[in-house]
Amino acid sequence: MFIVTAEQMRAVDEHTIQKLGIPAASLMENAGRAIAEEVIRMCREGDVDRRSEQHACWNDVNGKRAHTGPGDRPAHGGDIIADPALVMEQPGDQQWYMLIGKGNNGGDGLVAARHLVEAGLGVTLVYADAPDALRGEAAVQRDAAAQIGIPALVHGREAVDFSRCTGIVDALLGTGSRGAPRGAYAALIEAANDSGKPVVSADVPSGLNADTGEVYEPCIQARVTVCLALLKRGLVQYPGASAAGRIVVRSIGIPARLAPEHGPSVRLLTEEVLRSALRVDTGRLRAPDGHKGTYGHVLLAAGSLPMSGAGLLSAKAALRAGCGLATWALPAALLPHVIGTVPELMLAAAADGDSGEWNAASADAVLRLAESRDVLATGPGLGRFKGDTDWLRRLWQHSDRPLVIDADALNMLADAGPTGPRDWGKRSAATILTPHPGEMGRLLGMSTPEVQRDRIGHAARYAREQGVTLVLKGARTVIATPSGEAYINTTGHAGMATGGAGDVLTGIIAGLLAQGLNAEQAAAFGVFLHGQAGERAALLRGDPASLLAGDIVDAL
Ligand SMILES: NC(=O)C1=CN([C@@H]2O[C@H](COP(=O)(O)OP(=O)(O)OC[C@H]3O[C@@H](n4cnc5c(N)ncnc54)[C@H](O)[C@@H]3O)[C@@H](O)[C@H]2O)[C@@H](O)CC1
Ligand SMILES: [K+]
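Structure report, in brief. Every value quoted in this text rests on a predicted model; they were computed, and no experiment measured them.

Rules used throughout
- Residues numbered from 1 in each chain as written.
- Chains lettered and ligands numbered in written order.
- Predicted model: local features only at pLDDT ≥ 70, side-chain atom pairs only at ≥ 80, totals over all residues.
- Heavy atoms only, no water.
- Helix = DSSP H or I, 4+ residues; strand = E, 2+ residues; numbered from the N terminus.
- Rg over C-alpha atoms; globule rule 2.2 N^0.38 Å.
- Buried < 20%, exposed > 50% of the residue type's maximum accessible area, 1.4 Å probe, protein only.
- Contact = heavy atoms within 4.5 Å.
- Areas by Shrake-Rupley, 256 points an atom, 1.4 Å probe, with all protein chains shown as cover.
- Lys, Arg positive; Asp, Glu negative; His and termini not counted.
- Charge placed at Lys NZ, Arg CZ, Asp CG, Glu CD.
- Donors = N, O, S within 2.8 Å, 3.2 Å for Na, K, Ca; no water.
- Tetrahedral: all angles 85-135°; square planar, octahedral: opposite > 155°, others 65-115°.
- Salt bridge = Lys/Arg side-chain N within 4 Å of Asp/Glu carboxyl O.
- Pairing = 2+ DSSP bridges.
- Right-handed = clockwise from strand over helix to strand, strands pointing away.
- Near = heavy atom within 4 Å.
- Polar contact = N/O pair within 3.5 Å; in protein donor to acceptor, adjacent residues only side chain to side chain.
- Nonpolar A, V, L, I, M, F, W, Y, C, P; charged D, E, K, R; others polar.
- Expected span 1.5 Å × (residues − 1).
- Phe/Tyr/Trp six-rings, centres within 6.5 Å; stacked < 30°, edge-to-face > 60°.
- Axes fitted to C-alpha atoms, helices over the stretch in contact; angles between N-to-C directions.

1. Brief notes about the overall build of the protein
- Along the protein, the regular secondary structure elements total 20 helices and 19 strands.
- The C-alpha radius of gyration of the protein comes to 27 Å, within 12% of the 24 Å expected for a compact globule of 556 residues.
- Considered along the principal axes of its C-alpha atoms, the protein spans approximately 85 × 55 × 45 Å.
- Taking all 556 residues of the protein together, 57% fall into the buried category.
- Here the contacts in the protein between residues at least 6 apart in sequence split such that 72% fall between residues at least 24 apart.
- For the protein, the accessible surface area stands at approximately 22,900 Å², while carbon and sulfur atoms represent 49% of it.
- Looking at the protein, you have 52 positive and 61 negative side-chain charges, and the mean spots of the two groups are 3 Å apart.

Next up, the structure:
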């Protein structure tokens, strides 16, 4: 599933209308109808009385449990499948308030109102602006609603009291919204939130930045968001993802495949995308006649005295991800401390003059060890040491192995200079960086909140400019490729925010690279697997908060 910016959505809309000749009125009709169907579904299934369903929502977007409308039940011979609007035999005294903005989002709300009236629901329109402010298709819908006799209030002219309504449809602001909601829009959003009634948002919750996921003050807190045509970036990035509630993406006649023609290709990372777009074929990872050499050898340069566990977690994760062999290189004096901790692991001592410090263990020693291995990963538990940026630069410039860079090695990279490591030259093999938002901020020279304000945008730009594959960790991890594509992960949970989880991810990605996956595949599949293992581990433990990074490795 493609994820678009507001501008990209506008361009795809225009293409559909201008080049394909599909009338704008048809798209708006489909949009409004999709919104009405969701409201009707909620009424039929009693969803309006239920409290928040934050957990279920993501699975809907994932397509695992997507709502498919009235035909959910398999049809049998002789069945009569009726339109949802005609099967609401007992709509009861359902009263829905429709908040109508003056743009096309409001037009969608007006179409939905017509369909809800047809289904027998009580509907009241609440215009944010005087109705004559509406233009084009939205004005056509305003007139149709008036002809049918749908009651209407205008904010500021009549009092609006939500206390007696069943639910609210938010069709105030969509992708044409700019900045924080103003005037009547802000007042209606606040009143809707204060009412405690379930809100169904049309396209995006009003008050959300559809591109970045930033929520303005105020922003609708939706129970359900019926996202139209293509998933918007702001709905998959926090805090916007929380404001959206359960997300239902509905096709309205705009071909989704047009999205990459009009902007960057950003996709939701699902099993389907891994198989089709990324061509990850797990069935081919293990050849029936393979031996340990077939599945690759990871060299991990990691760990220090206070953080030796990071190296252990990474190395173990690489093995659990399926590589044939893993060697952990560390300063020679540290080696006796870790012997036997993971018996499957090989250890390589980097001469350190008996100091136990990386500053005495040369980059050339690591390069020599890497020559006979397939992948080099570095960073977990490494710490900072004198001359470390030069140490990393040598690995960058002289290793022809795929290189995974994490943790403190990313901080060394941040010291490469204002234009970033691209000044060190183009590497002959792939480079994968796995920063958390703080490390990403140091790479970009900005604060962590600034990074979080537009995770997809920053990750995609950095990957393209620096020619690397970038994994921006955190809720909804972003995987960005040097060619400008991005994937947003759907697996994992907040219980995985625990020390060492990142070291595990580095090991998984390195282990997958060793088995022959390319950088894009290894990064995306690695992130996906890491999240799945975290979900599994939380189930086994019964409580996500008690999860340890080692549990993730065990659940792989
Ligand atoms: N072909 C299309 O363009 C389609 C558009 N669709 C709907 O149209 C929406 C986009 O419509 P529009 O581009 O008309 O824009 P919107 O309906 O999102 O709203 C734009 C209007 O709100 C005002 N506004 C903007 N920011 C504001 C703020 N912060 N506070 C108060 N008022 C503000 C602007 O003056 C403008 O008139 C989509 O989200 C979707 O719901 C759908 O009908 C499907 C087809
Ligand atoms: K809206």
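2. With respect to the coordination of the potassium ion (ligand 2)
- Within the first shell, the potassium ion (ligand 2) binds the protein through Asn-105 (OD1), Asp-170 (O), Leu-173 (O), Ala-202 (O), Val-204 (O) and Ser-206 (OG), at distances of 2.6 to 3.1 Å.
- One can describe the donor arrangement at the potassium ion (ligand 2) as irregular, given that its six donor atoms subtend angles of 68 to 171° at the metal.
- Read from N- to C-terminus, the donor residues coordinating the potassium ion (ligand 2) fall into the pattern N-x64-D-x2-L-x28-A-x1-V-x1-S. Of this pair, Leu-173 sits in the loop between strand 5 (167-171) and helix 6 (183-195) while Ser-206 sits in the loop between strand 6 (199-202) and strand 7 (224-228), and the two are 33 residues apart along the sequence.
- A relative accessible area of 16% places Leu-173 in the buried class.
- With relative accessibility at 0%, the residue Ser-206 sits in the buried group.

3. Comments concerning the pattern of salt bridges
- Under the defined criterion, the tally for this structure stands at 17 salt bridges.
- Here Glu-7 and Arg-10 are joined by a salt bridge, their closest N and O atoms 2.8 Å apart. Here Glu-7 pairs with Arg-10, and both are found in helix 1 (residues 6-19), just three residues apart, close to one helical turn.
- By relative accessible area, Arg-10 is classed as partly exposed at 41%.
- Between Arg-33 and Glu-37 there is a salt bridge, with its nearest N and O atoms 3.3 Å apart. Placement of both Arg-33 and Glu-37 in helix 2 (residues 24-45) is noted, with a separation of four residues, approximately one turn of the helix.
- On the basis of relative accessibility, which here comes to 29%, the residue Arg-33 falls in the partly exposed class.

4. Brief notes about the pairing of strand 11 (residues 297-301)
- Within strand 11, five of the five residues are buried, leaving the element largely enclosed by the surrounding structure.
- Residues of strand 11 alternate between two faces, with His-297, Leu-299 and Ala-301 on one and Val-298 and Leu-300 on the opposite face, all of them buried.
- Alignment of strand 11 against strand 12 (residues 325-331), held across five bridges, turns out to be parallel. The partner of Leu-299 across the bridge, within strand 12, is Thr-327.
- What joins strand 11 to strand 12 is helix 10 (residues 308-320), and the crossover it makes is right-handed.
- Summarising the sheet, strand 11 and strand 14 (residues 375-378) pair through four bridges and their orientation is parallel. Within strand 14, the residue paired with Ala-301 across the bridge is Thr-378.

5. With respect to the site of ligand 1
- Taken together, 23 residues surround ligand 1, and among them Asn-105, Asp-108, Gly-174, Arg-178 and Asp-203 come closest.
- Side-chain polar atom of Asp-13 to an oxygen atom of ligand 1: 3.0 Å apart, as the coordinates give it.
- Asn-104 places a polar main-chain atom, nitrogen or oxygen, 2.9 Å from an oxygen atom of ligand 1.
- Relative to its unbound accessible surface of 870 Å², ligand 1 loses 81% to contact with the protein.
- Every element with two or more residues in the shell around ligand 1 is listed here: helix 1, helix 2 and helix 4 (104-118).
- No other element matches the three residues that helix 4 contributes to the shell around ligand 1.
- The residue inventory of the shell around ligand 1, partitioned by class, reads nine nonpolar, eight polar and six charged.

6. Considerations on helix 4
- For helix 4, with 15 residues, the first-to-last C-alpha span of 21 Å sits near the 21 Å given by 1.5 Å per residue.
- Among the 15 residues that make up helix 4, 12 are buried, leaving the element largely enclosed by the rest of the structure.
- Within two residues after helix 4, Gly-120 carries a phi angle of roughly 95°, on the positive side.

7. So, the packing of aromatic side chains
- Taken as a whole, this structure holds four aromatic pairs when the rule is applied.
- Between the aromatic rings of Phe-385 and Trp-391, the centroid separation amounts to 5.4 Å while the plane-to-plane angle is 90°, which identifies the pairing as edge-to-face.
- By relative accessible area, which is 7% here, Trp-391 ends up buried.
- Note on Trp-396 and Trp-424: the rings are 5.6 Å apart at their centroids and 80° apart in plane angle, and the pair reads as edge-to-face. Remark: Trp-424 occurs in the loop between helix 14 (408-414) and strand 16 (431-433) and Trp-396 occurs in helix 13 (residues 388-398); sequence separation between them is 28 residues.
- For Trp-396, a relative accessible area of 3% gives the class buried.
- Among the aromatic side chains, those forming a connected cluster through ring pairs are Trp-358, Phe-385 and Trp-391.

8. Quick notes on the sheet that holds strand 16
- Judged by pairing direction, the sheet is mixed, and its 10 strands sit side by side in the order 10-19-18-17-16-15-14-11-12-13 without closing on themselves. Each having just a single partner strand, strand 10 (266-269) and strand 13 (346-350) make up the two edges of the open sheet. With strand direction ignored, the average angle separating the axes of adjacent strands in the sheet is 20°.
- Relative to strand 18 (residues 478-480), strand 17 (residues 469-472) runs antiparallel, the two sharing three bridges. Bridging from a neighbouring strand, Val-471 pairs with Ile-479 of strand 18.
- In the packing of helix 17 (residues 455-466) onto the sheet, the strands contacted are strand 10, strand 16, strand 17, strand 18 and strand 19 (486-489), and the crossing angle to strand 18 comes to about 25°.

9. Some remarks on helix 2
- Taking 1.5 Å per residue, 22 residues should reach 32 Å; helix 2 reaches 32 Å between its end C-alpha atoms and fits that length.
- Gly-46 sits one or two positions beyond helix 2 and adopts a positive phi of about 75°.

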